[in-house]
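Fold and contact review
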Amino acid sequence: QVQLVESGGGLVQPGGSLKLSCKGSGTIFSIGRMGWYRQAPGGQREMVALTWSGGSTSVAGSVKGRATIDRDFSKKTVSLQINDLNPDDPAVYYCYAYRVVSLTYRNLTLWGQGTLVTVSA
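Residues numbered from 1 in each chain as written. Predicted model: local features only at pLDDT ≥ 70, side-chain atom pairs only at ≥ 80, totals over all residues. Heavy atoms only, no water.

**Regarding the sheet that holds strand 9 (residues 77-82)**
The cut-off we apply is this: Following DSSP output, two strands are said to pair if at least two bridges run between them. Under the DSSP-based scheme used, a helix requires at least four consecutive residues in state H or I and a strand at least two consecutive residues in state E, with every element numbered from the N terminus. Every angle, taken between N-to-C directions, lies between 0 and 180 degrees, and every axis is a line fitted to C-alpha atoms, over only the stretch in contact when it is a helix.
One open sheet holds the four strands; their spatial order is 1-3-9-8, and the pairing between them is antiparallel. Whereas interior strands pair on both sides, the edge strands pair on one side only; in this sheet they are strand 1 (3-7) and strand 8 (67-72). Mean inter-strand twist for the sheet, computed between neighbouring axes without regard to direction, equals 15°. Alignment of strand 3 (residues 18-25) against strand 9, held across six bridges, turns out to be antiparallel. For S21, the partnering residue across the bridge sits in strand 9 and is S79.

See below:
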């Protein structure tokens, strides 16, 4: 069974930093897009940062200049670091993978289980 396993998150002080990690588990041959979305209470799920298989990246305006996405293609991992956390950042953060090729599937979309990030003093 292929899935995305997330780690990181939790309680962070305003102005602090967090790092989220995600790993594709199971027999995965390749992943197209991979990255992170988030959903605040009562809000829509929104893109935070994405990487493409060619190496290009996209970062949402709300975190631009504060977020770094890093992907290891061979290890099927992606991480997200956000600095200078503010009251707009608390949300459930989801790892995302698109066009996953595995033993059983050739074009699978995966979501992680979500990890909660809280910003509070």
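**Describing unusual backbone geometry**
Worth spelling out the cut-off: Here's how the labels work: a residue is buried when its accessible area is under 20% of the maximum for its type, exposed when over 50%, partly exposed in between, all with a 1.4 Å probe on protein chains only.
Backbone geometry at K76 places phi at a positive 60°, although glycine is not the residue there. The buried category is assigned to K76, whose relative accessible area is 17%. Phi is positive for R99, close to 60°, though the residue is something other than glycine. Mapping R99 onto the fold places it in strand 10 (residues 91-102).

**Some words on the packing of aromatic side chains**
Inclusion rule: Stacked, tilted and edge-to-face are the three classes assigned to paired rings of Phe, Tyr and Trp, where Trp is represented by its six-membered ring and a pair needs centres within 6.5 Å; plane angles under 30 degrees give stacked, over 60 edge-to-face, the rest tilted. Only lysine NZ and arginine CZ atoms are considered, and such an atom sits over a ring when it is within 6 Å of the ring centre and within 35 degrees of the ring normal.
Per the counting criterion, the structure on display carries five aromatic pairs. An angle of 70° between the planes, with centres 5.2 Å apart, marks the rings of Y37 and Y96 as edge-to-face. With Y37 in strand 5 (residues 34-39) and Y96 in strand 10, the pair connects residues that are 59 residues apart, well separated along the chain. An identical accessibility class is assigned to Y37 and Y96; each is buried. Summarising the aromatic geometry, the rings of Y96 and Y98 are spaced 6.5 Å apart at their centres and angled 10° between planes, so their arrangement reads as stacked. The exposure class assigned to Y98 is partly exposed, which follows from its relative accessible area of 24%. Each member of the aromatic cluster is reached from another via a ring pair, and the members are Y37, Y94, Y96, Y98 and W111. One cation-aromatic arrangement involves R45 over Y94; the distance from NZ or CZ to the ring centre is 3.7 Å.

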